[in-house]
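Here are the chains, one letter per residue:
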Amino acid sequence: MTSILDQDIMYLPGVGPKRKEILSKELNVQTWRDLLEYYPYKYVDRSKVYAIDELNGTMPFVQIKGKILSFEEFSNGARKKRIVAHFTDGHGVVDLVWFRGAQYIYKTYTLNTEYIVFGKPTIYGGRYQFAHPEIEKAADLQLNEMGMQPYYSTTEKMKNNGMTSRAIEKLTKTLISRLPEGSISETLPPFILRPHHFISREAAFHGIHYPKSLDELQRAQVRLKFEELFYVQLNILRYASDHRRKYRGYVFQHVGQNFNGFYHN
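Residues numbered from 1 in each chain as written. Predicted model: local features only at pLDDT ≥ 70, side-chain atom pairs only at ≥ 80, totals over all residues. Heavy atoms only, no water.

1. Describing the layout of surface pockets
Looking at the largest pocket, its volume works out to about 1,100 Å³. Around the largest pocket, the lining comprises 32 residues; the ones closest to its centre are His132, Pro133, Glu134, Thr164 and Arg166. Broken down by secondary-structure element, the contributors of at least two residues to the lining of the largest pocket are helix 3 (102–108), strand 5 (114–119), strand 7 (127–131), strand 8 (134–137), strand 9 (148–151) and helix 6 (165–178). At 4 residues, the largest contribution of residues to the lining of the largest pocket is made by strand 8. Residues belonging to the lining of the largest pocket are distributed by class as follows: 15 nonpolar, 10 polar and 7 charged. (1 Å grid on protein atoms, 1.4 Å probe; cavity = no way out; pocket = protein on both sides within 12 Å on 5 of 7 lines; lining within 4 Å. Points joined across faces, edges and corners; volume = space filled by probe spheres on them. Helix = DSSP H or I, 4+ residues; strand = E, 2+ residues; numbered from the N terminus. Nonpolar A, V, L, I, M, F, W, Y, C, P; charged D, E, K, R; others polar.)

What follows is the structure, encoded as structure tokens:
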């Protein structure tokens, strides 16, 4: 019986023929199952919003909420342009900086609209700045439900075609939302699941892509790692058993031939 996970990746909303070709060539993702099993390599907590006066230069990726006050442009030559947006949350001001994409920036981001800015703060000219940050309208996000944001490995060719980690994240979110309950079948028997308190395979896939907490992520990782190693060991045992069965007959056959030859001599 064909599973929904065996569907061609091209038919997942948001993919299409062009993205299918990139996913297939760069990541060997050809079906919905392949994308489901393409796990994030790291996660960032997106549940907390920092005030600008809480920032320091040693912080990893953080998010702040506020509004753009104004834009400025700085030129370093005929074609090199730096766009700076002055951003405030009422507790201070930081700079959002882009070195390309001016037309997109002016078209997408407006003054006095509340945004969530996500990125790594660094200090330049005595002020914190975020270079090429992720920006989304605050009204479109429910921060208490975001939990840990996944990050997916992508190649340079993928990035040049708009297939960033964020794009992969959106595709996996679409995929998971379209999977009916029970479409991810269980592979481990109850006598293994219960004593080890493993979560279901379906819950593990949800947890590995979109964990609400560190505990949920760890439980998903433990379940999926155990399953992978379990079946690797089964394959090793099956190979060893087949090997013994094959060569046991081979050895007995030749021992018998040698014995018969010795006897008749």
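Still to come is the rest of the account.
2. Topic: the pattern of salt bridges
The full count for this structure, using the stated rule, is 12 salt bridges. Residues Asp6 and Arg33 are paired through a salt bridge, measuring 3.0 Å at the closest nitrogen-oxygen approach. Here Asp6, found in the segment before helix 1 (16–27), pairs with Arg33, found in helix 2 (residues 32–36); they are 27 residues apart in sequence, far enough to count as distant. In this structure, Lys20 and Asp8 form a salt bridge, with 2.9 Å as the shortest nitrogen-oxygen distance. Within this pair, whereas Lys20 is found in helix 1, its partner Asp8 is found in the segment before helix 1, the two being separated by 12 residues in sequence. Where salt bridges share partners, they join Glu37, Glu186, Arg201, Arg223 and Glu227 into one cluster. (Salt bridge = Lys/Arg side-chain N within 4 Å of Asp/Glu carboxyl O.)

3. Considerations on a nonpolar patch on the surface
A grouping of Tyr231, Leu234 and Leu237 is seen on the molecular surface, where their side chains present a nonpolar patch of about 280 Å² in accessible area. With respect to the secondary-structure elements, Leu234 resides in helix 9 (residues 214–264). (Patch = residues over 30% accessible without salt bridge, like charges linked within 9 Å, V, L, I, M, F, W, Y side chains within 5 Å. Areas by Shrake-Rupley, 256 points an atom, 1.4 Å probe, with all protein chains shown as cover.)

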